[in-house]
Every structure is written in structure tokens, then in C-alpha cells.
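# Architecture at a glance
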Amino acid sequence: MTITTTPGVLPADDLRLGKTPSRVSWGAIFAGVVLAIAVQLVLGILGTGIGLTLVDPVEGTTPGAAGFGIGAGLYWVVTTIIALGAGGYAAARVAGVHDRFDGLVHGLVVWGVTLILTLYLLTSAVGGIIGGAFRTVGSVATAAGTGIGAAAPKVADVAGVDTGDVREEAAAYLSDAPSDPAQMTSEQAQKEVAKQLPALARGGPDGARAESRIVDIVAAQRKIARPEAQAQVTRAKAQFVKTKDETIATAKSATDTAAGAAAGTSFMVVIALLIGAAAAGAGATAATRRRI
């Protein structure tokens, strides 16, 4: 026995049982997602090939990073529109939907599933980008420490010691040394100066004591008067502080620049995703079959 139905009218059995036929075809959506990803991959590989043809290290005609990045971004947006439009169209066509809203839903679901799968496949890369934006804030402290390490040898130079040895392991700084700077060997003086540098960097009462200790060592090692040693250490300390401040300022500027770039990139990604959703919805709506 053949059951015929009129468009828009439910079968008699469904009316008696109170059932509503499903208006979403997950099989068609899966087909649309597979097609969208496949088209995106093919176009992505094609774009990579096109980009490589523009690189000529021999002639030195390689495009600039800014122009290359803009071109790659535009190409990605265009390929996303094509891929999701094709996926949405295929899903709605295979599902055989007759209602434009149903077609739009199929297209948007194709877009959503494709987005989720893409993020899943690129989890490590996406996590690196997001984590990198937040880790940039920590670069200020790291850079400040780097500045202190770079300026420390300048203070050690005043004592007439090898600047390379200032970077010895902390355990070496704990070796026994005479309390009287005049009785120290050159190596012991170098280690004692290096030991006092962290306190000098912190400043305050500890910094003042560390500076006084370094002055005593400089005077004893160079066999000069203490006022002269004090003047040399003061000059080295001023350079030390200047280097540290410049490093911190540079790090803050780099952090602000990175934060602004990350914000701009986030907005562009959101716009591109919305364009992709519109493309999938438009493709699916275009595939909606009209009732005869």
C-alpha cells in the first residue's frame, strides 16, 4: 500500500500518533561538512603553492611580510566563503528541504560543525596563539631580569674582574672568602661582587650595604682611595639603573604593541567567522527546493 502525502500535510499515522517528522537531516549535514573541509583543504594547498611561487631567494624578490600576510588573510576569507557556501548548498540540497528557514538552519549547522572540527584539529596552534597573547604580559618581568644581568658585568668591570665569570652558577658565589677585601684574591673579589649584585639591584638598606661592600672591594683590588672607588661604583651603578629602566620601557612598549595586534587579529577572526556563517547560510538557502 502506497501512502501519498500533500506538501505541508502530515501522514495519517503521524497525525494519530502525534509525531512530528524531523526537519534536520544529520546525514546531509555530515555530507556538507565533509565537502566544506575538503574544499578548504584543496584551496589551502593551492594557496600554499601560489605563495611559494612568489618566493625567489636567488633574485631577492620575496614579498614583504606585511603584504604577504594581508594577501594570505584575504585568500583565507575567500576560500572559507567558497568552502562553506558549497558545504551549505550540498547539505540543503541532499536534505531536500522545501522551507528556506530549514535550509538556513542546515547551512548554519554545517558552519558550526565545521568550525568545531577545525578548532579541534588545530587545538595546539590555537592554544599557542591565545596563550602567547597572555604570556606576553610576563615578558616585562623577564626583560627586567635580562637587563639586570646585562648591566651586572659593568659593575664587575669596575673591580677589574672578568665579566664572563659573573655568570657562574649561584653555588659558586657561596664559596668562603675573607671578610677583608684586601685579603681577597681576584677570583674571590669577583665572586663577592657578583654575590652583592642582587641586593644592589633591589635597593633600599640592603642595596646601600651591598654598594658599600662593592666600594670596599674596588678600593682594595685597584689599590685606590675609597672616594675614588665610590665615584667609579656610582658611575657603574647609574649605567646599571639606566640599562634596567630602558629594558623595562622597551618591554612595556612591546607588550602594548602585541596586545593591540592581538586585539585587532581577534576582531578580524570574528568578522571572518561571521562571513563564513553568512556564506553557509546563503548557499543552503539557495539550494532550497521549491514545492511544485
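I will try to describe carefully the structure that is included in this document.

## A closer look at the overall build of the chain
Of regular secondary structure, the chain possesses 10 helices and 0 strands. Ordered by position from the N terminus, the helices and strands of the chain form the series α-α-α-α-α-α-α-α-α-α. In the chain, buried positions account for 29% of the 292 residues. The contacts in the chain between residues at least 6 apart in sequence include a share of 70% that link residues at least 24 apart.

## Quick notes on the nonpolar core
Of all hydrophobic cores here, the largest spans 10 residues; its members are Leu197, Ala199, Leu200, Ala210, Ile214, Val215, Val218, Ala219, Ala229 and Val233. When contributions to this core are tallied by element, the ones reaching two or more residues are helix 8 (186–202), helix 9 (204–222) and helix 10 (226–286). Broken down by element, this core gets its largest block of residues, 5 residues, from helix 9.

## What about the side chain of Glu211?
Mapped onto the elements, Glu211 comes out in helix 9. By relative accessible area, Glu211 is classed as buried at 14%. Leave out the neighbours within four places in its chain, and Glu211 touches Leu200, Gln230, Val233, Thr234 and Lys237.

## Remarks on the environment of Thr114
Tracing the backbone shows Thr114 in helix 4 (residues 100–121). A sequence separation of 77 residues divides Thr114 from Ile37, and the C-alpha atoms of the two residues are 7.0 Å apart. Setting aside residues up to four positions removed in sequence, Thr114 forms contacts with Val33, Ala36, Ile37 and Leu84.

## Side note on the packing of helix 8 against helix 9
The interhelical angle for the contact between helix 8 and helix 9, taken along N-to-C directions, is 155 degrees, at an axis separation of 8 Å. Here helix 8 lies roughly antiparallel to helix 9, going by the angle between them. Read as a crossing pair, helix 8 and helix 9 show a hand that is left-handed. Residue-level inspection shows Ser186, Ala189, Glu192, Val193, Gln196, Leu197, Ala199, Leu200 and Arg202 of helix 8 in contact with helix 9, the latter providing Gly204, Asp206, Gly207, Ala210, Glu211, Arg213, Ile214, Ile217 and Gln221. Taken together, the residues of the contact of helix 8 with helix 9 break down into 8 nonpolar, 5 polar and 5 charged.

## Notes on the pattern of salt bridges
All told, the structure shown has 4 salt bridges when counted by the stated rule. The partner of Glu187 in a salt bridge is Lys191, and the shortest N-O contact between them spans 3.3 Å. Within this pair, Glu187 and its partner Lys191 are both found in helix 8, separated by 4 residues, close to a single helical turn. Linking Arg226 and Asp216 is a salt bridge whose minimum nitrogen-to-oxygen distance equals 2.8 Å. Residue Arg226 is located in helix 10, and its partner Asp216 is located in helix 9; the two are separated by 10 residues in the primary sequence. Exposure remark for Arg226: the relative accessible area of 37% places this residue in the partly exposed category. Using a relative accessible area of 29% as the deciding quantity, one classes Asp216 as partly exposed.

## Details of unusual backbone geometry
Positive phi, close to 55 degrees, is recorded for Lys223, a residue that is not glycine. Checked against the element boundaries, Lys223 lands in the loop between helix 9 and helix 10.

## Observations regarding the environment of Lys244
Here Lys244 lies in helix 10. For Lys244, a relative accessible area of 18% gives the class buried. Measuring from C-alpha to C-alpha, the distance between Lys244 and Ala201 comes to 9.3 Å, with 43 residues separating the pair along the chain.

## Points about a nonpolar patch on the surface
A cluster of nonpolar side chains, Ile81, Met268, Ile271 and Ile275, forms an exposed patch at the surface whose accessible area comes to about 340 Å². If you tally residues by element for the nonpolar patch, the top one is helix 10, at 3 residues. Residue placement: Met268 occurs in helix 10. Residue class for Met268 comes out exposed when judged on its relative accessible area of 55%.

What counts as what
Residues numbered from 1 in each chain as written. Predicted model: local features only at pLDDT ≥ 70, side-chain atom pairs only at ≥ 80, totals over all residues. Heavy atoms only, no water. Helix = DSSP H or I, 4+ residues; strand = E, 2+ residues; numbered from the N terminus. Buried < 20%, exposed > 50% of the residue type's maximum accessible area, 1.4 Å probe, protein only. Contact = heavy atoms within 4.5 Å. Core = buried A, V, L, I, M, F, W, Y, C linked by side-chain atoms within 4.5 Å. Axes fitted to C-alpha atoms, helices over the stretch in contact; angles between N-to-C directions. Parallel < 35°, antiparallel > 145°, perpendicular 65-115°, else oblique. Left-handed = near helix turned anticlockwise from the far one by under 90°. Nonpolar A, V, L, I, M, F, W, Y, C, P; charged D, E, K, R; others polar. Salt bridge = Lys/Arg side-chain N within 4 Å of Asp/Glu carboxyl O. Patch = residues over 30% accessible without salt bridge, like charges linked within 9 Å, V, L, I, M, F, W, Y side chains within 5 Å. Areas by Shrake-Rupley, 256 points an atom, 1.4 Å probe, with all protein chains shown as cover.

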